[in-house]
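# Results of the structural survey
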Amino acid sequence: MAITSLIAFVSIYLLIFQWVTPIIVKKLNAMLKELERINKKIYQGQRLLKDNLKDFIIILTQQNILSKIVNQKEIRIIGMRRTGNHAIINWIQNQHTGKVEFWNNLKVDRNADRQRYENLKDNYPFVEKDCFIRSYEDYDLKKIKNWRFESKHDLYFGKSALRYDVLILRDPFNLFASRLKHRLNIENRENSLEISSVYGNNFLLVRSLHQTLGDLWVNYAKEYLGETNYLGHNKICINYNQWFTDVDYRKQIADKLQMKFSDEGINQVSGVGRGSSFEGVNFDGNANSMDVLNRWQKVSNNPRYHELFSNQEIFKYSEKIFGYIPGTESLKVK
C-alpha cells in the first residue's frame with residue numbers, strides 16, 4: 001500500500017514538474033532577454049556619453065582644423081538597397097579626376113569614422129579630396145535630416161566647399177523583384193549562416209520597424225516629386241531606369257554634378273552586395289546588356305512578391321515617375 005502511494009505521489013510530482021518546467025523556462029528566458037536589452041541600453045548610453053565628450057573636446061581644441069575645407073565636392077547618396085546605387089556611384093567615381101573617396105552604407109546617427117579619432121590631436125584623419133561620396137541605404141528621410149547629426153557634419157566628415165544630396169529611385173516592380181531574389185538566394189544557399197529574419201540579411205525589410213518596403217519606396221517617391229523636401233543640399237534626383245538606358249540623361253546628371261562626362265564605368269558591375277541579384281557579376285564589362293527593366297516578370301507568380309505591394313500608393317507614384325509598365329496592374333491587391 002505504501003509503495004502504491006509512493007508511486008502515485010511520484011507520478012503526480014512528475015506530471016506537475018513537466019507542466020511547470022516549461023513555464024519557468026519561458027519566464028527565465030524572458031528575464032534574460034530583458035536583462036540583455038537593459039545591458040545594451042546601458043552600453044549605448046555610455047558610448048553616447050563618451051562620444052559626445054570626445055566631440056566636445058575636439059570642437060574646443062581643433063577649430064583651426066575644422067574650419068579648413070577638406071572636400072572640394074561632397075555627394076551624399078540616398079537610395080534603397082538594390083536600386084542601382086553602386087552602379088551609379090561607380091559611374092560617378094569614374095567621371096571624376098583627382099582624389100575621390102567613397103564611404104559605403106553609413107549609419108545616420110553615428111560617426112562613421114569614430115575609431116580614427118582616438119588620437120585626433122596627433123593625427124587628424126581627414127585627407128583633402130576633390131570628391132567625397134558617402135551613401136545611406138534604406139533610411140527614413142526624416143532620419144537622414146537629423147539636425148543633431150547635421151550640426152556635427154564638419155567634425156565627422158570635414159568641411160566641404162560644395163555639397164549635393166543625390167536621391168536614386170528605381171521603379172518598384174524591378175526593385176522589389178531584385179530584393180526578393182536576393183532574399184531567395186540567401187535562403188537557397190546551402191549551409192548558409194546568413195539566413196536571418198532581422199534587417200541586415202533580409203532584403204524584404206527596411207531599417208524602420210514601422211515601415212514596409214512599399215511604405216519607404218512611396219516616401220522616397222514623394223521626395224523625388226518634391227511633395228516633401230527633406231534633402232536640402234542641392235538635391236538631384238536620379239531615375240535609375242532612365243540613367244541605365246539614356247546616355248543623354250547621364251550627360252545631364254554629369255552636368256548637374258559639375259563633372260566632365262566620359263561615361264566611363266557604365267558597363268561595370270559592382271561586386272558590392274554580390275553584384276546583381278540575378279546574375280551576380282557575370283555581366284561585368286557588359287552591364288548595359290542586363291535585363292534590369294524586366295526583372296519583375298521572373299518573380300511575378302511568387303506570392304511573396306505580391307505581398308510586397310500592399311501599399312496601393314505604389315502604383316500611383318510609380319506611374320507618375322516611370323510611366324505605365326504593362327502587366328504590372330496584375331499586382332494590385334484586389
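Just so it is clear, the structure is predicted and the values come from calculations on it, not from any experiment.

On to the environment of Trp296, then. In this structure, Trp296 sits in helix H11 (residues 296-299). Between the C-alpha atoms of Trp296 and Lys181, which are 115 residues apart in sequence, the distance is 9.8 Å. Apart from the residues lying within four places of it in its own chain, the contact partners of Trp296 are Phe173, Asn174, Ala177, Tyr305, Ile325, Pro326, Gly327, Thr328 and Leu331.

Spatially, S3-S4-S2-S6-S7 is the arrangement adopted by the 5 strands of the open sheet, whose pairing is parallel. Here the strands that pair on one side only, and so sit at the sheet edges, are strand S3 (100-103) and strand S7 (235-239). The mean inter-strand angle of the sheet, taken between neighbouring strand axes irrespective of direction, is 20 degrees. As paired elements, strand S2 (residues 74-79) and strand S4 (residues 131-137) share 6 bridges and run parallel to each other. From the neighbouring strand, Glu74 faces S4, where its bridge partner is Phe132. This element, helix H3 (residues 85-95), spans S2, S3, S4, strand S6 (163-169) and S7 of the sheet and lies at about 175 degrees to S4. Where helix H10 (residues 247-256) meets the sheet, its contacts fall on S6 and S7, and the angle it forms with S7 comes to roughly 165 degrees.

Our focus in this paragraph is H3. Counting buried positions along H3 gives 8 out of 11 residues, so the element sits mostly inside the fold. Turning to H3, its buried residues are Asn85, His86, Ile88, Ile89, Asn90, Trp91, Ile92 and Gln95.

With that out of the way, let us pick up the pairing of S2. When you tally the buried positions in S2, you get 6 out of 6 residues, the bulk of the element. With 5 bridges joining them, S2 and S6 adopt parallel strand pairing. The partner of Glu74 across the bridge, within S6, is Arg163.

Turning our attention to unusual backbone geometry. For Asp138, which is not glycine, the phi torsion reads 65 degrees and is therefore positive. The topology assignment puts Asp138 in the loop between S4 and helix H4 (141-144). We classify Asp138 as buried; its relative accessible area is 1%. A positive phi angle is found at Asn234, which is not glycine, with a value near 50 degrees. Take Asn234: it is sitting in the loop between helix H8 (213-225) and S7. The class for Asn234 is partly exposed, based on a relative accessible area of 43%.

Cut-offs used in this document
- Residues numbered from 1 in each chain as written.
- Predicted model: local features only at pLDDT ≥ 70, side-chain atom pairs only at ≥ 80, totals over all residues.
- Heavy atoms only, no water.
- Helix = DSSP H or I, 4+ residues; strand = E, 2+ residues; numbered from the N terminus.
- Contact = heavy atoms within 4.5 Å.
- Pairing = 2+ DSSP bridges.
- Axes fitted to C-alpha atoms, helices over the stretch in contact; angles between N-to-C directions.
- Buried < 20%, exposed > 50% of the residue type's maximum accessible area, 1.4 Å probe, protein only.

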